[in-house]
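Topology and contacts: notes
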Amino acid sequence: MKNKTWLIVALVFAAVMLLAAVLYPKLTEKYSAGSTPDDTNSDTVIQADDFTVYDSEMNGVNLSDYFGKPIIINFWASWCGPCKSELPAFNNLYEKYKDDVVFLMINLTDGQRDTVSSIKKFVSNNGYSFPVYYDLEYDASDTYGVYSIPEIVFIHADGSLYDIRVGAMNEAVLENYIKRMIGGEK
């Protein structure tokens, strides 16, 4: 009986793995490193959902306050290795495109691993110039269903969603998104 149970468990596991191997490429093809939203044929316009986060002075700011320019939201934490690996690229591109694109670098401030004071020190020690916003009440991360970080949300100037990407981005891919959003080279 014991061997029969193990055989059934092994067969179920093998079936799940086979199903995952078949479906995984289809489910993730739009997130490949070279893909961009323009590679899809969707004509659906989805308005970005509003949320409130806090700036460095602890003033509440809403996403909708920034409509009028393209927006890049980066959900991140200082303890996240992939997040830390992409922050220099975000900083470089912030310096290059800050007049054309709003960068909302939203820290998932949990009050333990990341606090407002520890993040201010982290940003200062690394010489980052981008503005940091604090998701103290998880309004932004809950609104966008953030389950894995980094997560990057791209929003058109009119407030409609452009794309959402989960996982670290290199500078070239991020800049490609920016160029497409603003309509050209800088």
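Notes on the structure in this doc start here. (Residues numbered from 1 in each chain as written. Predicted model: local features only at pLDDT ≥ 70, side-chain atom pairs only at ≥ 80, totals over all residues. Heavy atoms only, no water.)

The pairing of strand β6 (residues 151–155) with strand β7 (residues 161–166) spans five bridges and is antiparallel. Looking across to β7, one finds that I155 is bridged to L161. Counting the residues between successive antiparallel strands, the hairpin from β6 to β7 contains five residues, one of them, G159, with a positive phi of roughly 90°. (Pairing = 2+ DSSP bridges. Helix = DSSP H or I, 4+ residues; strand = E, 2+ residues; numbered from the N terminus.)

Further remarks concern the pattern of salt bridges. All told, the structure shown has three salt bridges when counted by the stated rule. A salt bridge links E95 to K98; the shortest N-O distance between them is 3.3 Å. We classify K98 as partly exposed; its relative accessible area is 36%. Residue R113 pairs with D110 through a salt bridge whose shortest N-O separation is 3.6 Å. Taking relative accessible area as the criterion, R113 reaches 54% and is therefore assigned exposed. For D110, a relative accessible area of 26% gives the class partly exposed. (Salt bridge = Lys/Arg side-chain N within 4 Å of Asp/Glu carboxyl O. Buried < 20%, exposed > 50% of the residue type's maximum accessible area, 1.4 Å probe, protein only.)

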